[in-house]
Amino acid sequence: MYKTILGKMFLLFMVEGILFAGCSNDEGTFPAGKKVNDEIYYANMFGKEVMEQFYYWNGEIESDLQTWNIETNEDPIGTVDRIKYHEGDKYIDKWTMLTDDMESFNANVGGVSTTFGWNLTIYLLNQESTQCIGVVNFVHRDTPAARAGLKRGDIIIGLNGTDLTTGNYLDLYHVPSLTVSLGRLDMENNIIVSQGKEVELTAVTTYEDPVLCDSVYEFGGKKVGYLAYSAFDLRSVDKLVEIGRHFKAEGVSELVLDLRYNGGGYVITENVLASMFAPQQAVSNQEIFERDDYNDYLTELYCKQGVSTDTRFTTEFNYPSNGVNVSTKDANIGLTKIYGLISRGSASASEALLGGLMPYMDVQLIGTSSSGKYCTGWMLGAEDAYENCPNEIRNWGIYLMVSIYKNAVGETPCMPDGLQPDVEVEDEPILPYALGDVNEPLLREALKQAGRPYDGEVVVPSTRIPSLRFRQMPPVLKPNFGKRIQFPLFK
């Protein structure tokens with residue numbers, strides 16, 4: 001049988017994770033009581049072993065781990081979902097998950113998926129019917145939705161010749177092709193009416209660029225930058241650094257950082273942005289940006305190895321195996337203030353970045369409360385965990401919560417109920433304002449706080465926005481939502 005030696009780990013350094021030694025197959029036999037097929041048996045073994053040693057709340061779920069019988073349990077994915085840390089019916093850990101398709105999971109988290117390229121909010125029109133509308137929050141560049149001319153504020157009222165309802169709105173994300181009927185907002189009568197227009201779309205497998213918009217606004221003798229960013233992926237790092245250099249060259253002193261649709265992603269990208277946004281002195285002195293709190297086992301191991309669990313500001317990011325090799329030496333913008341635009345769609349790395357910068361600079365939050373994802377996970381494939389991985393589970397993996405992050409003063413501002421806005425403003429994508437438009441409600445409030453005058457400008461009064469009366473349906477969450485991903489390093 002496979003005998004794990006996961007406990008015999010060797011640490012290289014604690015920047016993004018740890019190095020594992022794997023298991024070896026020295027017997028090739030199974031227990032006499034084995035009642036599941038090879039794949040399920042090995043998946044049980046993998047899931048149980050990594051949770052026993054590395055899971056942040058392994059002590060809290062110890063009894064469940066002890067009763068997990070790897071020889072007879074038929075549903076390892078469901079078992080992980082059931083036993084991850086909860087108090088009664090309330091799940092504290094909403095994020096840990098075991099998967100039997102790690103290849104697709106990695107691709108989706110990296111920004112590559114089969115998609116129409118849109119981000120939508122679905123509203124139920126009234127409580128007496130199942131009829132819905134879908135409002136476009138944004139579309140990614142060079143995707144089917146973008147090529148069809150769809151944009152923020154467009155309203156979907158029908159799908160494949162029928163009304164959009166609670167029974168079919170998920171098809172807007174999960175079918176290969178569709179035809180949508182478009183409506184528009186009649187501001188005079190506060191109703192949604194048909195445009196008499198249909199759009200045909202076919203999903204494609206493509207990269208969704210998370211850099212949605214970057215702009216510079218000048219008023220009152222200063223320049224304010226704006227960056228709308230939807231996912232902390234790795235592919236966008238070079239582009240982000242170029243934007244930082246541009247903002248610096250323009251003399252930007254304050255930044256509106258729009259993370260309202262950003263569900264998280266990779267810690268590397270978070271650290272790159274922190275190095276450009278934090279005060280230059282803090283970066284030059286390599287002061288503490290964040291620190292991670294691990295379970296007793298990992299904490300003791302790191303202590304014995306003399307490895308710090310602190311993440312410090314730096315300017316050099318060299319991770320060739322992950323496609324990242326950049327310097328931010330010439331990209332620190334010199335910011336004095338950040339206006340963070342947030343919503344329930346802001347999670348994990350978004351919350352960590354804003355919280356980590358708070359001890360060093362003025363961070364004002366505008367919008368609605370964020371998600372409240374305050375822990376960090378490893379995306380650990382079975383192939384990474386074992387030197388001689390069983391063929392049956394080579395595409396299995398786990399997204400495992402291993403730590404809770406804290407800022408330099410030991411606080412996790414988003415814990416437990418999310419970051420709370422200093423100025424509350426509802427996101428209203430139904431209004432005819434693109435991201436970056438100075439009259440878009442959240443950006444407008446940020447620019448007002450920054451000193452931009454709005455006297456005499458005509459905007460749509462919020463009291464007339466019908467979507468304020470609509471009930472949002474549960475969002476369709478992408479694989480990167482709620483992710484703050486560190487990379488374990490393996491021998």
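Calculation notes
Residues numbered from 1 in each chain as written. Predicted model: local features only at pLDDT ≥ 70, side-chain atom pairs only at ≥ 80, totals over all residues. Heavy atoms only, no water. Helix = DSSP H or I, 4+ residues; strand = E, 2+ residues; numbered from the N terminus. Contact = heavy atoms within 4.5 Å. Areas by Shrake-Rupley, 256 points an atom, 1.4 Å probe, with all protein chains shown as cover. Axes fitted to C-alpha atoms, helices over the stretch in contact; angles between N-to-C directions. Parallel < 35°, antiparallel > 145°, perpendicular 65-115°, else oblique. Nonpolar A, V, L, I, M, F, W, Y, C, P; charged D, E, K, R; others polar. Salt bridge = Lys/Arg side-chain N within 4 Å of Asp/Glu carboxyl O. Buried < 20%, exposed > 50% of the residue type's maximum accessible area, 1.4 Å probe, protein only. Pairing = 2+ DSSP bridges. Polar contact = N/O pair within 3.5 Å; in protein donor to acceptor, adjacent residues only side chain to side chain. Expected span 1.5 Å × (residues − 1). Patch = residues over 30% accessible without salt bridge, like charges linked within 9 Å, V, L, I, M, F, W, Y side chains within 5 Å. Lys, Arg positive; Asp, Glu negative; His and termini not counted. Charge placed at Lys NZ, Arg CZ, Asp CG, Glu CD. Core = buried A, V, L, I, M, F, W, Y, C linked by side-chain atoms within 4.5 Å. 1 Å grid on protein atoms, 1.4 Å probe; cavity = no way out; pocket = protein on both sides within 12 Å on 5 of 7 lines; lining within 4 Å. Points joined across faces, edges and corners; volume = space filled by probe spheres on them.

S.K.: Break down the overall build of the chain for me, citing the residues and quoting the values.
M.R.: Counting its regular elements, the chain contains 13 helices and 28 strands. The contacts in the chain between residues at least 6 apart in sequence include a share of 74% that link residues at least 24 apart. Of the roughly 20400 Å² of accessible surface on the chain, a fraction of 46% belongs to carbon and sulfur atoms.

S.K.: Give a description of the packing of helix α7 (residues 237–250) against helix α8 (residues 267–277) that names residues and reports values.
M.R.: Following both chains from N to C, one finds α7 and α8 inclined at 10 degrees, their axes separated by 10 Å at the closest point. Considering their axes alone, α7 and α8 lie roughly parallel with respect to each other. Listed contacts from α8 to V237, L240, V241 and G244 of α7 are T269, V272, L273 and M276. A class-by-class count of the residues in the contact of α7 with α8 yields six nonpolar, two polar and no charged.

S.K.: Outline the pattern of salt bridges, supporting the account with residue identities and numerical values.
M.R.: Where charged atoms of side chains with opposite charge meet at close range, the side chains can pair. Going through the model one piece at a time under the given rule, you end up with 17 salt bridges. Close ionic contact of K223 with E250 constitutes a salt bridge, the shortest N to O distance being 3.3 Å. Here K223, found in strand β15 (residues 222–229), pairs with E250, found in helix α7; they are 27 residues apart in sequence, far enough to count as distant. Among the residues examined, E250 registers a relative accessible area of 31% and is labelled partly exposed.

S.K.: How would you sum up the pairing of strand β20 (residues 316–319)? Please name residues and give values.
M.R.: Side-chain alternation along β20 places F317 and Y319 on a buried face and E316 and N318 on a face that remains uncovered. As judged from the four bridges shared by β20 and strand β21 (residues 324–327), these two strands associate in the antiparallel manner. Across the sheet, the residue bridging to N318 is N325, located in β21. Hairpin connection between β20 and β21: a loop of four residues separates the two successive antiparallel strands, and G323 in this loop has a positive phi of roughly 75 degrees.

S.K.: Explain the side chain of S343 residue by residue, including any values.
M.R.: Checked against the element boundaries, S343 lands in the loop between β22 (337–342) and α11 (349–357). Its relative accessible area of 10% is what places S343 among the buried residues. Side-chain polar atoms of S343 contact the backbone oxygen of R260, separated by 2.5 Å. The contacts of S343, once residues within four sequence positions are left out, are R260, T368, S369, S370 and S371.

S.K.: I'd love a proper account of the sheet that holds strand β14 (residues 211–219), names of residues and values included.
M.R.: The six strands are arranged β14-β15-β16-β22-β23-β26 in an open sheet whose pairing can be described as mixed. The open sheet has two free edges, formed respectively by β14 and β26 (423–424), since each of these has just one partner strand. With six bridges joining them, β22 and strand β23 (residues 362–367) adopt parallel strand pairing. Within β23, the residue paired with K337 across the bridge is D362.

S.K.: An account of helix α1 (residues 38–54) is needed here, citing residue identities and associated values.
M.R.: Helix length check: α1, at 17 residues, gives a terminal C-alpha distance of 24 Å against a target of 24 Å (1.5 Å per residue), a fit within 8%. The buried fraction of α1 amounts to 13 of the 17 residues, a majority that puts the element mostly inside the structure. Capping the start of α1 is the job of one residue whose side-chain oxygen sits 3.2 Å from the backbone nitrogen of E39: N37.

S.K.: For unusual backbone geometry, give the residues involved together with the corresponding values.
M.R.: With omega at 5 degrees, the peptide bond leading from M415 into P416 counts as cis. Residue position: P416 is located in the loop between β25 (397–407) and β26. If you check the backbone angles, D142 has positive phi at about 60 degrees while not being a glycine. Phi at S348 takes a positive value of approximately 60 degrees, unusual for a residue other than glycine. In this fold, S348 is placed in the loop between β22 and α11.

S.K.: Which residues make up a negative patch on the surface, and what values go with them?
M.R.: Together, E39, D100, D101, E103 and E392 make up a region of like negative charge exposed at the surface. For E39, a relative accessible area of 31% gives the class partly exposed.

S.K.: Tell me about the nonpolar core, and please be specific about residues and values.
M.R.: Counting residues in hydrophobic clusters, the biggest one holds 94 residues, and the most contacted among them are M51, W57, L227, F277 and L357. Residue contributions to this core peak at nine residues, all from α1. When near neighbours in sequence (up to four residues on either side) are disregarded, W57 contacts Y85, I92, D93, Y374, C375, M401 and I404.

S.K.: Outline the layout of surface pockets, listing residues and values.
M.R.: It is a probe the size of a water molecule, rolled over the atoms, that shows where empty space is left. By volume, the second largest pocket amounts to about 400 Å³. As for the second largest pocket, its lining consists of 25 residues, and the residues nearest its centre are K151, R152, G153, Y433 and A434. Listing elements by their share of the lining of the second largest pocket, those giving two or more residues are β8 (132–139), β11 (177–186) and β14. Of the residues belonging to the lining of the second largest pocket, the class tally is 14 nonpolar, five polar and six charged.

S.K.: Tell me what's going on with the pairing of β14, and back it up with residues and numbers.
M.R.: Moving residue by residue along a regular strand, the side chains alternate between the two faces of the sheet. Here eight bridges tie β14 to β15, and the two strands are oriented antiparallel to one another. Across the sheet, residue C213 finds its bridge partner in β15, namely A228. Following β14, the chain reverses through two residues before pairing antiparallel with β15; G220 in that reversal takes a positive phi of roughly 60 degrees.

S.K.: Run through the environment of T121, naming residues and quoting values.
M.R.: Summarising the element assignment, T121 is placed in strand β7 (residues 118–124). C-alpha of T121 to C-alpha of F138: the two residues are 17 residues apart in sequence and 9.9 Å apart in space. Apart from residues no more than four positions distant in its own chain, T121 is found in contact with I133, G134, V135, N137, P429 and Q472. At 3.0 Å, the side chain of T121 forms a polar contact with the side chain of N137.

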